Every structure is written in structure tokens, then in C-alpha cells.
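What follows is each chain in one-letter form.
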Amino acid sequence: MSRRSCPPSDAPAPPSDGLVVASFGRHLLVEAPGGERTRCHPRGKRLEAVVGDRVQWSASGDEGVIEAVLPRRNVLFRQDDVRTKMLAANLDRVLILLAAEPVFSEGHLARALIAARHAGIEPLIGLNKHDVQPAFDEAWARLAPYRAMGETVLPLQLHAADGAAMDTGLAALLEALQGRVTLVMGASGVGKSTLVNRLVPHAQAETQAISRALGTGRHTTTRTTWYWLSEARDGALIDSPGFHAFGLHHIAPEALAPLMPDLAPFLGQCRFHNCTHRREPGCAVQAAVAPQGPIAPQRWRLYVELYEELLAARSH
């Protein structure tokens, strides 16, 4: 009768599964299936994990070492001529939060939408500060082309001027986020922190605990953080630092038009099969620019600007 050999008592324990729930540089916080959280570092400089990653990690004293990143469903990142920055992984939605004030950049909005679609992630637009008039109505009018092309745009009032919390659009937003992992993106001052605190009542206490765990003080604007929406853990918000630029250099110029819903229906109808939709005769996209068609002029100009930027990046 053969006897099964037993591993020596000092054999290292096999890696555990975990979820990255916060990141600050190379510092990462990994949550075990039971909810316990451990500060970890990736093993080696080539291993890079981001919030939303499922990982395998091993204990090392009071901390841990991430041994491997499990296969991702998707990853949202931006890339310019200097560096590539991964934002989060395994997302169901990207919420692009804008505000009546400060005035939002349509270029930043377009870039974020394109990056989300390129990654296969459903975008959602929220316009905050419904009570700031006439700035809100002006911003809402600027978003008319996006609503016309089928983008979901929710009006929001996350906080009133006198400090009283308001509920404009909050119920519809919460319904859209339930059961999904959503990355919240937006420039500084649009209300991302207010949104997180409205939807996650314990967010401030959790943020302080994460700061202590990562040793990062209170630098919340430079950290990416995962918040469960409920105790059932059936949905989560990922709060990300405010951004001022969003490079798309990881996207080929010819892949740009199919990622823009207002341009995409006219592709394949041009006189030339390799039409770039900028200056060529017989271009169906240019013919569809208002007032002749449904494409807003500023959207076509954004396309041309981005195409030429990506073309220049590819030639470097």
C-alpha cells in the first residue's frame, strides 16, 4: 500500500487569490475573498497590477507580494508620447462625470468615450450642478450631439449651493450602476468625491483606513480606490484621480471613426475605400456633416484633429 507523501512543514503556502482595491504608485491594497485587506507590492518591475485586477499573492511578513495578475476582461488606459497609464481593469462601465462649472472640455470628453469603446467598456455621461444656471443649460445644449448619437447623459445635482444634499438624477444613476463595476472619471472640481460619498455612505471612513494601510496620508486625489456599493458586493465604484489630458496613441488612426457613433453609420459609403474622411472627394462622412446631415460640425473637427494627432504619433 503506497503512502502519500506530505510536504514539509516549512513549505511555502500556495498563493492566495485576491482583488486589487486601491493603488498608490507601486503600493497596492489587495482584498481577500473574506474581506481582509493586505498591503502588497508586485514581484519585479515588469509586473503591473491596477485596481480591479484579480491577482495571486503571497504573504511576506505583515505585507504581501503579488505573484501574478489573472487574465483581464478589459483594461482602460491612456497613452501619449511619453508614457502609458493603466487606469483600471475588468470594468463594466465608465462614468464620465462633467459639471456645469468648471466648463468641460469636449475634447477630453470625446477622448474618454473613444478610449472606453476601444476597450469594450460601456460609457455613461453624467452632468452635475443642475442648480447652476444658466451654465447648466448651456452645458446640456453642448451635449445635444452626444444624446443624438445615442449616448446616455444623466442630469445630476449632487449637492446644493447651501450645503443641502439634492437628489436630481441620483436614483437613475444608482440604478445604472447596480451590479456593475464602474470607473468614475472626471476633471478636478466636477463632484467625484461628492458622488462617492452620496452613493457609499462609509466612503470617508474607508478612505482613511486605506490611507493608513497604504501609508499615503490623505492624498486622496492621487490614488485610485475601489468602493463596494453595498454589503452584498453586487456592484462597485472606482474613484480615480482627476485628469487633464487623455492620450489615445494606442489607437490606430484608421480605427478612430468606427469608435465614434455619429460617424460610424456612414463608413463604407465613401468613393474611396481608404478614405480618411478629412479632405477626400466623395466622402460620405463629410457629406453628413450639418447642415446637410446629422454629424455636428464640432464632432467632425474633433475627429480630424484626433486623426492627425494619431497619424503623427504613429510616424514617430
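Residues numbered from 1 in each chain as written. Predicted model: local features only at pLDDT ≥ 70, side-chain atom pairs only at ≥ 80, totals over all residues. Heavy atoms only, no water.

### Overview of the pairing of strand E7 (residues 84-89)
In step 1: Sheet topology note: the strand E6 (residues 75-79)/E7 ladder contains five bridges and is antiparallel. Paired with Phe77 across the strands is Met86, a residue of E7.
In step 2: Remark: four residues form the turn of the hairpin made by E6 and E7, two consecutive strands paired antiparallel. (Pairing = 2+ DSSP bridges. Helix = DSSP H or I, 4+ residues; strand = E, 2+ residues; numbered from the N terminus.)

### Comments concerning the pattern of salt bridges
In step 1: Here the structure, examined in full by the defined rule, presents 14 salt bridges.
In step 2: Across the salt bridge formed by Glu67 and Arg43, the nearest N and O atoms sit 2.7 Å from each other. With Glu67 in strand E5 (residues 63-69) and Arg43 in the loop between strand E3 (37-42) and strand E4 (54-60), this residue pair connects regions lying 24 residues apart in the sequence.
In step 3: In this structure Glu67 comes out as partly exposed when scored by relative accessible area, which is 29%.
In step 4: Salt bridges linked by common partners bring Glu31, Arg37 and Arg233 together as one network. (Salt bridge = Lys/Arg side-chain N within 4 Å of Asp/Glu carboxyl O. Buried < 20%, exposed > 50% of the residue type's maximum accessible area, 1.4 Å probe, protein only.)

### Overview of the nonpolar core
Among soluble globular proteins, nonpolar side chains are generally buried collectively.
In step 1: The biggest cluster of nonpolar side chains holds 70 residues, and the ones touching the most others in it are Ile66, Leu76, Leu91, Leu109, Tyr146 and Trp226.
In step 2: Leaving out residues up to four positions away in the same chain, Tyr146 has contacts with Glu106, Leu109, Ala110, Leu113, Ile125, Glu151, Arg299 and Leu302.
In step 3: Core analysis: the second largest hydrophobic core is formed by 21 residues, Ala99, Leu124, Leu170 and Leu177 among them. (Core = buried A, V, L, I, M, F, W, Y, C linked by side-chain atoms within 4.5 Å. Contact = heavy atoms within 4.5 Å.)

### Structural notes on helix H2 (residues 135-142)
In step 1: Along H2, the positions that sit buried rather than exposed are Ala135, Phe136 and Ala139. For H2, the angular spread of buried residues about the axis comes to 95°, placing them on one side.
In step 2: Looking at the buried side of H2, the elements it contacts are strand E9 (122-128) and strand E10 (153-155). (Arc of directions from axis to C-beta.)

### Comments concerning the packing of aromatic side chains
In step 1: All chains considered together, the criterion is met by three aromatic pairs.
In step 2: Ring geometry for Phe136 versus Trp140: centroids 6.0 Å apart, planes at 15°, classification stacked. Placement of the pair is Phe136 and Trp140 together in helix H2, with a separation of four residues, close to one helical turn.
In step 3: In this structure Trp140 comes out as partly exposed when scored by relative accessible area, which is 25%. (Phe/Tyr/Trp six-rings, centres within 6.5 Å; stacked < 30°, edge-to-face > 60°.)

### A short note on the side chain of Glu151
In step 1: Structurally, Glu151 can be placed in the loop between helix H3 (144-148) and E10.
In step 2: In this structure the side chain of Glu151 is engaged in a polar contact, spanning 2.6 Å, whose partner is the side chain of Arg117.
In step 3: Setting aside residues no more than four positions away along its own chain, Glu151 makes contact with Leu113, Arg117, Pro123, Ile125, Tyr146 and Pro261. (Polar contact = N/O pair within 3.5 Å; in protein donor to acceptor, adjacent residues only side chain to side chain.)

### Concerning the packing of helix H4 (residues 170-177) against helix H5 (residues 192-199)
How two helices pack is summed up by the angle between their axes together with the distance between the axes.
In step 1: At their nearest, the axes of H4 and H5 sit 12 Å apart, and the two run at 75° to each other. The angle between H4 and H5 places the two elements in the roughly perpendicular class. From H4, Leu170, Leu173, Leu174 and Leu177 reach across to H5, where they touch Leu195, Arg198 and Leu199.
In step 2: For the contact of H4 with H5, a count of residues per class yields six nonpolar, no polar and one charged. (Axes fitted to C-alpha atoms, helices over the stretch in contact; angles between N-to-C directions. Parallel < 35°, antiparallel > 145°, perpendicular 65-115°, else oblique. Nonpolar A, V, L, I, M, F, W, Y, C, P; charged D, E, K, R; others polar.)

### Focus: the layout of surface pockets
In step 1: Here the largest pocket defines a volume of roughly 480 Å³.
In step 2: For the lining of the largest pocket, the secondary structure elements donating two or more residues are strand E1 (16-24) and E7.
In step 3: It is E7 that contributes the most residues to the lining of the largest pocket, three residues altogether.
In step 4: A class-by-class count of the residues in the lining of the largest pocket yields twelve nonpolar, six polar and eight charged. (1 Å grid on protein atoms, 1.4 Å probe; cavity = no way out; pocket = protein on both sides within 12 Å on 5 of 7 lines; lining within 4 Å. Points joined across faces, edges and corners; volume = space filled by probe spheres on them.)

### Regarding the confidence of the model for the chain
In step 1: Averaged over all residues, the pLDDT of the chain is 87; the fraction at 70 or higher stands at 87%.
In step 2: Confidence scores differ between elements of the chain, with helix H6 (residues 203-214) showing the lowest mean pLDDT of 64 and helix H7 (residues 284-287) the highest of 97.
In step 3: Here residues 1-5 scores under 50 on pLDDT; set against residues more than four positions off or in separate chains, the count is zero contacts. (pLDDT = per-residue confidence, 0-100.)

### Some words on helix H1 (residues 106-118)
In step 1: Counted at 1.5 Å a residue, the expected span for H1 with its 13 residues is 18 Å, and the 18 Å between its end C-alpha atoms agrees.
In step 2: For H1, the tally of buried residues reaches ten of 13 residues, placing the bulk of the element in the interior.
In step 3: Every buried residue of H1 is listed here: Glu106, Gly107, Leu109, Ala110, Arg111, Ala112, Leu113, Ile114, Ala115 and Ala116.
In step 4: Of the residues flanking the start of H1, the one acting as N-cap is Ser105, its side-chain oxygen 3.3 Å from the backbone nitrogen of Gly107.
In step 5: Residue Gly120 follows H1 closely and has a positive phi angle near 75°. (Expected span 1.5 Å × (residues − 1).)

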